[in-house]
Amino acid sequence: MTFGIKELIKDEIKGVADKVSKEIKDYRLSVCKTCSNFQKISRRCGICGCFMDVKVIYTRSECPNNPPKWNALE
């Protein structure tokens, strides 16, 4: 099961959401920007609808593409 944005928000509210380093965040976002599903104006994923500037910062986030272009903890 994919760890979704709802779970990330719950973890953030609880104060237990782990975040990746700036390097990993930048890497993930750079991959997203080259993806055909990336919506440049809204900066959202066309598959899951998440705002990618937010989603890429959490360790448990995953790319929803099949196969994923990046994984949790990557």
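Quick summary incoming for the structure in this document. Predicted, not measured: the structure shown is a model, and the values here were computed from it.

Criteria and thresholds
Going along each chain's sequence as written, the residues are numbered from 1 onward. For this predicted model, a pLDDT threshold of at least 70 governs which residues receive local features, and a threshold of 80 or more governs which side-chain atom pairs are given and counted, while totals over whole chains, interfaces and linings are taken from all residues. By convention in this description, side-chain values take in all heavy atoms of the structure and omit both hydrogens and water. Numbering goes from the N terminus for both helices and strands, where a helix is a DSSP run of H or I of at least four residues and a strand is a run of E of at least two. Only the C-alpha atoms count toward the radius of gyration. The rule for a globule is 2.2 Å times the residue count to the power 0.38. Whether a residue is buried, partly exposed or exposed follows from its accessible area with a 1.4 Å probe, protein chains only, as a fraction of its type maximum: under 20%, in between, or over 50%, in that order. Whether two residues are in contact is decided by their heavy atoms, any of which lying within 4.5 Å being enough. Surface accessibility follows the Shrake-Rupley procedure with a 1.4 Å probe radius. Residue values consider only the protein chains on display as shielding. Definition of nonpolar core: a set of buried residues of the types Ala, Val, Leu, Ile, Met, Phe, Trp, Tyr and Cys, connected through side-chain atoms within 4.5 Å. Polar contacts, as used here, are pairs of N or O atoms within 3.5 Å; protein pairs need one atom able to donate a hydrogen and one able to accept it. Residues neighboring in sequence count only if both atoms are side-chain atoms. Here a Phe, Tyr or Trp ring, Trp counted by its six-membered ring, pairs with any other such ring whose centre lies within 6.5 Å, and the pair is stacked when the planes are under 30 degrees apart, edge-to-face when over 60, and tilted otherwise. Comment: the charge-over-ring label is applied if NZ (Lys) or CZ (Arg) is within 6 Å of the ring centre and within 35 degrees of the ring normal.

Quick look at the overall build of the chain
From N to C terminus, the chain includes three helices and two strands. Going residue by residue from the N terminus, the α and β elements of the chain occur as α-α-β-β-α. Rg of the C-alpha trace for the chain: 11 Å, near the compact-globule value of 11 Å for 74 residues, within the 12% margin. Taking the principal axes of the C-alpha coordinates as reference, the chain spans close to 35 × 25 × 25 Å. By the burial criterion, 31% of the 74 residues in the chain qualify as buried. Restricting to contacts in the chain with at least 6 residues of sequence separation, those with at least 24 account for 48%. Split by element, the accessible area of the chain, about 4,900 Å² in all, is 55% carbon and sulfur.

Topic: the nonpolar core
If you look at the biggest cluster of nonpolar residues, it comprises 14 residues, and the most contacted ones within it are Cys 32, Met 52, Val 56, Tyr 58 and Trp 70. When residues in this core are grouped by element, the largest group, three residues, is from helix H2 (residues 22-34). Excluding its chain neighbours within four sequence positions, the residues that come into contact with Trp 70 are Tyr 27, Arg 28, Val 31, Cys 32, Met 52, Val 56, Ser 61, Glu 62 and Cys 63.

Some thoughts on the side chain of Ser 61
On the secondary structure map, Ser 61 appears in the segment after helix H3 (52-55). Polar side-chain contacts of Ser 61 include one of 2.7 Å to the backbone oxygen of Lys 55.

Section: the packing of aromatic side chains
On inspection of all chains with the given rule, the structure shows zero aromatic pairs. Lying over the aromatic face of Phe 51, Arg 44 brings its terminal NZ or CZ to 4.4 Å of the ring centre.

Notes on unusual backbone geometry
In the segment running from Asn 66 into Pro 67, the intervening peptide bond is cis, with an omega of 0°. By the element assignment, Pro 67 lies in the segment after H3. Positive phi, close to 60°, is recorded for Arg 43, a residue that is not glycine. Relative to the helices and strands, Arg 43 is located in the loop between strand E1 (38-39) and strand E2 (44-45).

A look at the environment of Ile 47
Mapping Ile 47 onto the fold places it in the loop between E2 and H3. Residue classification places Ile 47 among the partly exposed positions, given a relative accessible area of 41%. C-alpha of Ile 47 to C-alpha of Cys 63: the two residues are 16 residues apart in sequence and 9.2 Å apart in space. Leaving out residues up to four positions away in the same chain, Ile 47 has contacts with Asn 37, Pro 64 and Asn 65.

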